[in-house]
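The residues making up each chain are set out below.
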Amino acid sequence: TIEPLAKRKQKAIICSKNLIERGFGIIEGLEIENITSAKAYEQKLTLGKTAEENYRPDGGESLYDVYIRVKEFLGFLSTIDVKGVVVCMTHGGVLDILYRIIMKEPLSSERKWEIPNGGFFLLERCKSNFKIIKWSETSHLNSGGMLDEY
């Protein structure tokens, strides 16, 4: 997804495992609404527990695991000497944790901020601290520009 922008701006791409979406292990890809069988009911109970900070489904990650990954990535960004803009592409769950870290929201709190698909999120770094400049900006999606059909 980032490759066309990097190519146009002649910039390098750094891939980081710290920005991948949360692994849900044995319940990966399940949707609560579509669960009907008895086995799936057990999975539904497991899925419901994933909002708990330290609950880790078999083969998956807890919210706290993702929190640690995102903190590590912010630490990495704090160490690199970059003048200008760093573009990061990631998933909604990572953005949720990023917001919680910067705004000092506990992992256990209910999400009250939007994370729309295709949204734009602008952060500013001052030494090792980060500040949110824009959150969930979507005006670019209504600009009449590029569409999937092209």
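Criteria and cut-off values
- Residues numbered from 1 in each chain as written.
- Predicted model: local features only at pLDDT ≥ 70, side-chain atom pairs only at ≥ 80, totals over all residues.
- Heavy atoms only, no water.
- Helix = DSSP H or I, 4+ residues; strand = E, 2+ residues; numbered from the N terminus.
- Buried < 20%, exposed > 50% of the residue type's maximum accessible area, 1.4 Å probe, protein only.
- Areas by Shrake-Rupley, 256 points an atom, 1.4 Å probe, with all protein chains shown as cover.
- Phe/Tyr/Trp six-rings, centres within 6.5 Å; stacked < 30°, edge-to-face > 60°.
- Contact = heavy atoms within 4.5 Å.
- 1 Å grid on protein atoms, 1.4 Å probe; cavity = no way out; pocket = protein on both sides within 12 Å on 5 of 7 lines; lining within 4 Å.
- Points joined across faces, edges and corners; volume = space filled by probe spheres on them.
- Nonpolar A, V, L, I, M, F, W, Y, C, P; charged D, E, K, R; others polar.
- Pairing = 2+ DSSP bridges.
- Core = buried A, V, L, I, M, F, W, Y, C linked by side-chain atoms within 4.5 Å.

Undergrad: Quick rundown of the overall build of the protein? Include the residues and the values.
TA: The secondary structure content of the protein amounts to 4 helices and 2 strands. For the protein, the succession of helices and strands along the chain, N to C, is α-α-α-α-β-β. Within the protein, buried positions represent 27% of all 150 residues. Carbon and sulfur atoms make up 52% of the accessible area of the protein, which amounts to about 11100 Å² in all.

Undergrad: Quick one: what's the story with the packing of aromatic side chains, residue by residue and with numbers?
TA: Under the counting rule described, the total for this entry stands at 5 aromatic pairs. Seen in terms of ring centroids, phenylalanine 73 and phenylalanine 76 are 6.0 Å apart; in terms of plane orientation they differ by 45°. Their pairing is tilted. Here phenylalanine 73 and its partner phenylalanine 76 are both found in helix α3 (residues 63-79), 3 residues apart, which amounts to about one turn of the helix. Residue phenylalanine 73 is classed as buried on the basis of its relative accessible area, which comes to 9%. Seen from their ring centres, tyrosine 99 and tryptophan 113 are 4.2 Å apart, and the 20° between their planes marks the pair as stacked. In this pair, tyrosine 99 sits in helix α4 (residues 92-103) while tryptophan 113 sits in the loop between α4 and β1 (120-126), placing the two residues 14 residues apart along the sequence. Accessibility expressed as a relative area gives 9% for tryptophan 113, which makes it buried. Connected via pairs of aromatic rings, a cluster forms that spans Tyr99, Trp113, Phe121 and Trp135.

Undergrad: Could you give an account of the side chain of arginine 69, with specific residues and numbers?
TA: Checked against the element boundaries, arginine 69 lands in helix α3. Those residues in contact with arginine 69 that sit more than four places away from it in its chain are Lys17, Asn18, Leu19, Ile20, Glu21, Arg22 and Glu61.

Undergrad: Before we move on, can you summarise the layout of surface pockets with the specific residues and values?
TA: Here the second largest pocket is characterised by a volume of approximately 260 Å³. Residue lining of the second largest pocket: Glu21, Arg22, Phe24, Leu63, Val66, His91, Gly92, Gly93, Val94, Asp96, Ile97 and Arg111, and that is the complete set. For the lining of the second largest pocket, the element with the highest residue contribution is α4, accounting for 5 residues. Split into classes, the residues belonging to the lining of the second largest pocket amount to 5 nonpolar, 3 polar and 4 charged.

Undergrad: Report on the pairing of β1, specifying residues and quantitative values.
TA: Pairing of β1 with strand β2 (residues 129-137), which is carried by 6 bridges, proceeds in the antiparallel orientation. If you follow leucine 122 over to β2, its bridge partner there is lysine 134. Linkage of β1 to β2, two consecutive antiparallel strands, is achieved through a turn of 2 residues, within which lysine 127 is found at a positive phi near 60°.

Undergrad: Give me the nonpolar core: which residues, what numbers.
TA: Val70, Leu74, Leu95, Ile97, Leu98, Ile115 and Trp135 are the most contacted members of the largest nonpolar core, which has 20 residues in total. Mapped onto this core, the elements with two or more residues apiece are α3, α4 and β2. In terms of residues, this core owes the most to one element, α4, which gives 7 residues. What leucine 98 contacts, discounting residues up to four positions off in sequence, is Val70, Leu74 and Leu123.

Undergrad: So, unusual backbone geometry: which residues are in play, and what are the values?
TA: Its identity is not glycine, yet lysine 104 carries a phi of approximately 55°, on the positive side. Positionally, lysine 104 belongs in the loop between α4 and β1. Despite not being glycine, serine 136 shows a phi value in the positive range, around 55°. Here serine 136 is to be found in strand β2.

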